[in-house]
Amino acid sequence: MTVTSTPLDTRDPRPRAGTTAYRRTVIALVAAAVATFAQLWSVQPILPAIATGFDTSAGQAALTVSLATGGLAGFTLIWSGAADRIGRARVIALSLLLAIVLGAAIPFSTELWTLLVLRTLQGAALGGVSAAAVAYLAEEIHPRDAPKATGLYIAGNPLGGMGGRLLAGFAAEHGGWQWGVAANTILGLAALLVFILVLPRNKSGAPARRADSDDGLSMGRRLKAAMTTRGLIPMYAQALLLMGAFMAVYNVLGFRLTDQPFGLSQAAASLLFLSYTAGMLGSAVAGSATLRWGRYGVLTTATLLLLVGLGGLFTTSVWLLLATLLLLTFAFFCAHATASAWVGSQAVTGRAQATAVYTLAYYLGASLFGWLGGVVYDAVGWNGTVALALGLTVLAGLFALRLRKLPTP
């Protein structure tokens, strides 16, 4: 007997991969990601310069990163509620505009506490992009192609992070940490213009409404769904622990590279952030890889590769360290893109809140463990920070075991 397969969702009007609307949507969201992560991580490669400029320790300098990610985490749920009311695209644009205004003020900080306050506010402003972008793609792109679009958006994270870090490192080498921040503010403004000009317009001008929308539910009901839907808690744990491990290493990488045995200059040390090119590759391939091997298979493989990469960070060879960073960054962003898209599809009810909680966990991990990595570095050195990251990754793998037989909603 011959069985004829019927294409899924043939009546769904949302754009498919290859269409102009799909390409414009992805380009706009990647631009938003670049603007977000260039500004969020702009101070990371210049933490030694900030520590010197304000005569402070590595742990205190790392607060300029941790408080920004903490502010982002703390405001994701607020931004997600705003996105439900005024539309996700509008929230993304407003979020970036506020962050750029705050970024323009940061270089004028003369006291560490002023810098920390402004960075916290900037992180809170950037929370709008992270709270709305994945949910926007899940709703506006055809379900068959949404994982691929999400992977491409996530690829914009390391693209912005790498570009911002390199830009900050070279600008700071010639004009101090203030120029490093200012250069990324200008980059953010350019990317915001791309987002506004390229994103396809909703003809009615109103936020898109889908037949499966949960707009009639209260915020409490949507939050409850985001916390009780099967499988979401282990996915949030991936964000918290894997991002924590990743940031614990990267927050003190600049100190490691400018200290012995490497002794690199600020500009030369920032070149190792080119390893973020591997993150773009990892994010981009995650979507297609899940179609072939399944999300759990991709997540597990990425976690194992992450452990291998972390184990290689004990090296004292700069070339081996670069190779290790490439593997580490590829694996992390592959895992992040997989888990992030998984949340978007698993959360049928309260999708915006689920992606916001994932984002909260992601940046809470960056804030808490990124700061803790600096404290451990001050206390026992680089090897202690790497050991902390290894422990967090193993714990994430244990949580992921609960996703083995998770059914598709």
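So, here's what we can say about the structure. None of the values given here were measured: they were computed from a predicted structure. (Residues numbered from 1 in each chain as written. Predicted model: local features only at pLDDT ≥ 70, side-chain atom pairs only at ≥ 80, totals over all residues. Heavy atoms only, no water.)

## Description of the overall build of the protein
Here comes step 1: Scanning the protein from terminus to terminus reveals 16 helices and 0 strands.
Here comes step 2: The globule rule puts the C-alpha radius of gyration for 409 residues at 22 Å, and the 20 Å found for the protein is close to it.
Here comes step 3: When the 409 residues of the protein are sorted by exposure, 57% land in the buried category.
Here comes step 4: Summing over all exposed atoms, the protein offers an accessible surface of approximately 16400 Å²; the carbon and sulfur share of this is 66%.
Here comes step 5: Computed over 27 positive and 14 negative side-chain charges, the separation of the two mean positions in the protein equals 11 Å. (Helix = DSSP H or I, 4+ residues; strand = E, 2+ residues; numbered from the N terminus. Rg over C-alpha atoms; globule rule 2.2 N^0.38 Å. Buried < 20%, exposed > 50% of the residue type's maximum accessible area, 1.4 Å probe, protein only. Areas by Shrake-Rupley, 256 points an atom, 1.4 Å probe, with all protein chains shown as cover. Lys, Arg positive; Asp, Glu negative; His and termini not counted. Charge placed at Lys NZ, Arg CZ, Asp CG, Glu CD.)

## Observations regarding the nonpolar core
Here comes step 1: Residues Leu29, Tyr153 and Tyr363 are the most contacted members of the largest nonpolar core, which totals 125 residues.
Here comes step 2: By residue number, the principal contributor to this core is helix H10 (residues 232–258), which donates 17 residues.
Here comes step 3: When near neighbours in sequence (up to four residues on either side) are disregarded, tyrosine 363 contacts Phe37, Leu40, Trp41, Thr69, Gly70, Leu72, Ala73, Ser130 and Met243. (Core = buried A, V, L, I, M, F, W, Y, C linked by side-chain atoms within 4.5 Å. Contact = heavy atoms within 4.5 Å.)

## What to know about the environment of alanine 124
Here comes step 1: Along the chain, alanine 124 falls in helix H6 (residues 112–140).
Here comes step 2: Alanine 124 gets classed as buried once you look at its relative accessible area, which sits at 8%.
Here comes step 3: With 55 residues separating them in the primary sequence, alanine 124 and threonine 69 have C-alpha atoms 7.9 Å apart.
Here comes step 4: Among residues more than four places away in sequence, those in contact with alanine 124 are Ala68, Gly71, Leu72, Phe75 and Trp79.

## Some points on a nonpolar patch on the surface
Here comes step 1: Taken together, the side chains of Val394, Leu395, Leu398, Phe399 and Leu401 make up a nonpolar region of the molecular surface, amounting to roughly 400 Å² of accessible area.
Here comes step 2: Considering the arrangement of structural elements, one finds leucine 401 in the segment after helix H16 (382–400). (Patch = residues over 30% accessible without salt bridge, like charges linked within 9 Å, V, L, I, M, F, W, Y side chains within 5 Å. Salt bridge = Lys/Arg side-chain N within 4 Å of Asp/Glu carboxyl O.)

## Description of empty space enclosed by the protein
Here comes step 1: Applying the stated criterion to the full structure yields 4 cavities of 30 Å³ or more.
Here comes step 2: By volume, the largest cavity amounts to about 140 Å³.
Here comes step 3: Forming the boundary of the largest cavity are 14 residues, of which Ser130, Val134, His336, Ser340 and Thr359 lie nearest the centre.
Here comes step 4: If you list the elements that add at least two residues to the lining of the largest cavity, you get H6, helix H7 (146–175), helix H14 (318–346) and helix H15 (351–380).
Here comes step 5: If you tally residues by element for the lining of the largest cavity, the top one is H15, at 5 residues.
Here comes step 6: When grouped by side-chain class, the residues that make up the lining of the largest cavity number 8 nonpolar, 6 polar and no charged. (1 Å grid on protein atoms, 1.4 Å probe; cavity = no way out; pocket = protein on both sides within 12 Å on 5 of 7 lines; lining within 4 Å. Points joined across faces, edges and corners; volume = space filled by probe spheres on them. Nonpolar A, V, L, I, M, F, W, Y, C, P; charged D, E, K, R; others polar.)

## Concerning the packing of helix H5 (residues 88–105) against H6
What describes two packed helices is the angle between their axes and the distance between those same axes.
Here comes step 1: Where H5 meets H6, the closest approach of the two axes is 8 Å, and the angle between their N-to-C directions is 160°. On the basis of their axis angle, the class for H5 and H6 is roughly antiparallel. Viewed along their axes, H5 and H6 form a crossing whose handedness is left-handed. (Axes fitted to C-alpha atoms, helices over the stretch in contact; angles between N-to-C directions. Parallel < 35°, antiparallel > 145°, perpendicular 65-115°, else oblique. Left-handed = near helix turned anticlockwise from the far one by under 90°.)

## Quick word on H15
Here comes step 1: The end-to-end C-alpha separation of H15 is 42 Å, in line with the 44 Å expected for 30 residues at 1.5 Å each.
Here comes step 2: Once H15 ends, the next one or two residues include glycine 381, with phi positive near 100°. (Expected span 1.5 Å × (residues − 1).)

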